[in-house]
Amino acid sequence: MIEIIIAVLGVLLGSGISFFLVNSKNNGKAKLIIEEAQKNAEQIKKEKILQAKERFIELKSDHEKVIIKKNNDINNVAQRIKQKENTLNQKLAEVNKKDAEFKKDRATIDQQRSVLDKKQTELDKSHKLQVEQLEQISSLSADEAKKQLVETLKDEAKTEALSIINNTIEEAKLTAKQEAKKIIIQTIQRIATEESVENSVSVFNIDNDAVKGRIIGREGRNIRAIEAATGVDIVVDDTPGAIILSCFDSVRREVARLSLHKLVTDGRIHPARIEEVVKKTEKEIEDEIIQIGKKTTIDLGIHGLNPELIKMVGRMRYRSSYGQNLLQHSRETANMCATMAAELGLNTKYAKRAGLLHDIGKVSADDAETPHAIIGMKLAEKYGEKPEVCNAIGAHHDEVEMTSLISPLIQICDGVSGARPGARRAMTDQYIKRIKELEETALGYPGVLKSYAIQAGRELRIVVESEKITDEKASELAFQISDKIENEMTYPGQVKVTVIRETRAISYAK
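Residues numbered from 1 in each chain as written. Predicted model: local features only at pLDDT ≥ 70, side-chain atom pairs only at ≥ 80, totals over all residues. Heavy atoms only, no water.

1. Re the overall build of the protein chain
Then, in step 1: When helices and strands are counted, the protein chain shows 14 helices and eight strands.
Then, in step 2: In the protein chain, buried positions account for 31% of the 510 residues.
Then, in step 3: The long-range fraction of contacts in the protein chain, counting pairs at least 24 apart against all pairs at least 6 apart in sequence, stands at 61%.
Then, in step 4: Counting only carbon and sulfur atoms, one obtains 55% of the accessible surface of the protein chain, whose full area is about 34,500 Å². (Helix = DSSP H or I, 4+ residues; strand = E, 2+ residues; numbered from the N terminus. Buried < 20%, exposed > 50% of the residue type's maximum accessible area, 1.4 Å probe, protein only. Contact = heavy atoms within 4.5 Å. Areas by Shrake-Rupley, 256 points an atom, 1.4 Å probe, with all protein chains shown as cover.)

2. Structural notes on the packing of helix H6 (residues 271-300) against helix H7 (residues 307-315)
Then, in step 1: Packing of H6 against H7 leaves a shortest axis separation of 7 Å and a crossing angle of 100 degrees. Our classification of the angle between H6 and H7 gives roughly perpendicular. Contacts between H6 and H7 involve Glu-286, Ile-289, Ile-290, Ile-292, Gly-293, Lys-294, Thr-296 and Thr-297 from the first element and Ile-310, Lys-311, Val-313, Gly-314 and Arg-315 from the second.
Then, in step 2: Within the contact of H6 with H7, the residues separate by chemical class into five nonpolar, four polar and four charged. (Axes fitted to C-alpha atoms, helices over the stretch in contact; angles between N-to-C directions. Parallel < 35°, antiparallel > 145°, perpendicular 65-115°, else oblique. Nonpolar A, V, L, I, M, F, W, Y, C, P; charged D, E, K, R; others polar.)

3. With respect to the sheet that holds strand E8 (residues 496-501)
Then, in step 1: Taken together, three strands build an open sheet; the order of strands is E6-E7-E8 and the sheet is mixed. Across the chains shown, the open sheet's two edge strands, defined by having one partner strand only, are strand E6 (448-454) and E8. Going across the sheet, the axis of each strand differs from the next one's by a mean of 20 degrees, ignoring polarity.
Then, in step 2: The sheet contact formed by strand E7 (residues 459-464) and E8 spans six bridges and is parallel. Across the sheet, Val-463 pairs through a bridge with Ile-500, a residue of E8. (Pairing = 2+ DSSP bridges.)

4. A closer look at the pattern of salt bridges
Then, in step 1: Counted by the stated rule, this structure contains 20 salt bridges.
Then, in step 2: The salt bridge involving Glu-276 is made with Arg-273; its shortest N-O contact spans 3.6 Å. Here Glu-276 and its partner Arg-273 are both found in helix H6, three residues apart, which amounts to about one turn of the helix.
Then, in step 3: The class for Glu-276 is partly exposed, based on a relative accessible area of 36%.
Then, in step 4: Classification of Arg-273 as buried rests on a relative accessible area of 14%.
Then, in step 5: Glu-465 is paired through a salt bridge with Lys-468; the nearest N and O atoms lie 3.7 Å apart.
Then, in step 6: For Lys-468, a relative accessible area of 52% corresponds to the exposed category.
Then, in step 7: Look at the salt bridges and you will find they share partners, linking Asp-266, Arg-268, Arg-273, Glu-276 and Lys-280 into a network. (Salt bridge = Lys/Arg side-chain N within 4 Å of Asp/Glu carboxyl O.)

5. Remarks on the state of the cysteines
Then, in step 1: Here the structure, examined in full by the defined rule, presents zero disulfides.
Then, in step 2: The thiol sulfur of Cys-337 is not disulfide-bonded, and the nearest other cysteine sulfur, from Cys-413, lies at 3.6 Å.
Then, in step 3: Residue class for Cys-337 comes out buried when judged on its relative accessible area of 0%. (Disulfide = S-S within 2.5 Å.)

6. Quick word on the confidence of the model for the protein chain
Then, in step 1: Per-residue confidence for the protein chain averages 80 on the pLDDT scale, and 82% of its residues sit at or above 70.
Then, in step 2: Mean pLDDT per element in the protein chain: strand E4 (residues 320-321) is the minimum at 68, and helix H11 (residues 387-395) is the maximum at 91. (pLDDT = per-residue confidence, 0-100.)

7. Focus on the packing of helix H9 (residues 348-357) against H11
Then, in step 1: Between H9 and H11, the least distance of the axes is 9 Å, while the angle of their chain directions is 40 degrees. Here H9 lies oblique to H11, going by the angle between them. For the element pair H9 and H11, the recorded crossing hand is right-handed. Side by side, H9 and H11 meet where Tyr-350, Arg-353, Ala-354 and Leu-357 of the first sit next to Glu-388, Val-389, Ala-392 and Ile-393 of the second.
Then, in step 2: The residue makeup of the contact of H9 with H11, split by class, is six nonpolar, no polar and two charged. (Left-handed = near helix turned anticlockwise from the far one by under 90°.)

8. Quick notes on the environment of Leu-449
Then, in step 1: Of note, Leu-449 is situated in strand E6.
Then, in step 2: Between the C-alpha atoms of Leu-449 and Val-463, which are 14 residues apart in sequence, the distance is 5.6 Å.
Then, in step 3: Not counting chain neighbours up to four residues away, the residues in contact with Leu-449 comprise Leu-443, Val-463, Val-464 and Glu-465.

9. Some thoughts on the environment of Val-499
Then, in step 1: Considering the arrangement of structural elements, one finds Val-499 in strand E8.
Then, in step 2: Between the alpha carbons of Val-499 and Phe-479 there is a distance of 9.8 Å; along the sequence they are 20 residues apart.
Then, in step 3: What Val-499 contacts, discounting residues up to four positions off in sequence, is Ile-462, Val-464, Ala-474, Leu-477 and Ala-478.

10. Notes on the side chain of His-329
Then, in step 1: Tracing the chain through its elements places His-329 in helix H8 (residues 326-344).
Then, in step 2: Polar contacts involving the side chain of His-329 include one to the side chain of Asp-414, which spans 2.7 Å. (Polar contact = N/O pair within 3.5 Å; in protein donor to acceptor, adjacent residues only side chain to side chain.)

11. Observations concerning H7
Then, in step 1: Leu-309, Ile-310, Met-312, Val-313 and Gly-314 are the residues of H7 that are buried.
Then, in step 2: Summarising the contacts, the buried residues of H7 are in contact with H6, H8, H9 and helix H10 (372-382).
Then, in step 3: For H7, the N-terminal cap is Asn-306; the gap from its side-chain oxygen to the backbone nitrogen of Glu-308 is 2.9 Å.

12. Digging into the pairing of E7
Then, in step 1: For E7, the buried fraction is high: six of the six residues fall into the buried class.
Then, in step 2: Burial along E7 is two-sided: Glu-459, Arg-461 and Val-463 and Leu-460, Ile-462 and Val-464, pointing in opposite directions, are all buried.

13. Some details on H9
Note: α-helices contain 3.6 residues per turn, so residues at a spacing of three or four share the same orientation.
Then, in step 1: For H9, every residue scored as buried is listed here: Ala-351, Arg-353, Ala-354, Gly-355, Leu-356 and Leu-357.
Then, in step 2: Two or three places before Lys-349, at the start of H9, stands the capping residue Asn-347, its side-chain oxygen 3.0 Å from that residue's backbone nitrogen.

14. Quick word on unusual backbone geometry
Then, in step 1: Of note, Glu-219 is a non-glycine position whose phi angle comes to about 55 degrees, a positive value.
Then, in step 2: With respect to the helices and strands, Glu-219 occurs in the loop between helix H3 (210-216) and helix H4 (221-230).
Then, in step 3: Residue Asp-398 is not a glycine yet carries a positive backbone phi of 65 degrees.
Then, in step 4: In this fold, Asp-398 is placed in the loop between H11 and helix H12 (406-419).

Set out below in structure tokens:
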């Protein structure tokens, strides 16, 4: 029994010792885990504190930058205010100084005025005393004496004035015509120019007649493309070494001539290339027109002309009036006006400007029904010319009343330049007017892109928009235009109306 009790106690004691040892081991591990957790917490705490400090330093730096910038702005504003204050102080000092000088001058003036008033009073007394003495001597009052003197002087002045007027009129009648003829003759002799008459045909010279076939192209497609692009009638006949370009518009003829020259030189002649070359040539002609206008103004010594007016002056090189080149006529008129103005003591610069610009209405695209003198006057006013110049332009055909002495000079010189032998041909101008009316008749219809009168006005070629005009409408349009020409215009023979409708499909390989 004792052994059993001892054995049970041994078992219990062993179990207790085992339980104690196990609990001791677990407690050690827990302590280790807790210590490690505490270490990690301390590490994390230090890192967060370090990050917070870095963020604080960063925010503090940004705040300091903002404060520095605001301080700089405040300093700049303060400096500007100080400068303005100094400037105001200087101006105030100047004003005070001028005010003091003004007060001083005013005091001097008041003193001088007082002396003058005193002398004036003495003079009035002396004059009154003399008048009284004269009245006693002559037995007449001052008013009666004045009246008698005025009547006497009036009669004498009338007699002398009538005598001077009669003598002046008689002398003017004797010398006016003679002096006018003298001035005009001297002007014509001093401004002698060569005669130059433009026609409606140009000749394009070629080295080899084989070029004609390339210009015509397969089934005539090249020559049709050139005529459609330029509006010029191209005549390729048996004439050796030459192709005839026919058109009333000399600008179109020049574009066609230069384009043909480029195409023949380059060797590539086909419709697409033709259109490209014609567009480039038109741009070159526009640039050349501007250069001609600038050169003309430089040659005549005219400065400050508006660029649009310079361009119109250049366009006059390609226009004619009754067969007379318009630019040459305007230059001639300008030089004659300047010469006459110098003889008469008038402003030569205004006279020369008005002489050069008097026909700019003829190259304007404005309403053709308005007289060209009125159009030219409005253009001159629009582009800032002097009133004297504008009036001279508008009055040179008596459309408006003349308001300056330059206006009759322009009228006279315009007539002299146009009336000299060989200067003009009336038939040419009538022909060009009729051709223009033909083209404008077609351009008035919707859907018409271009209108060209060719073959001396015997054919009207019209290019229309394929999107707006169908084949049926094209036939109808040709009939309408031909009917309008027949009923409203006067023309020799017959006029062929050709409506061209072309559809293109274009795509690019990229």
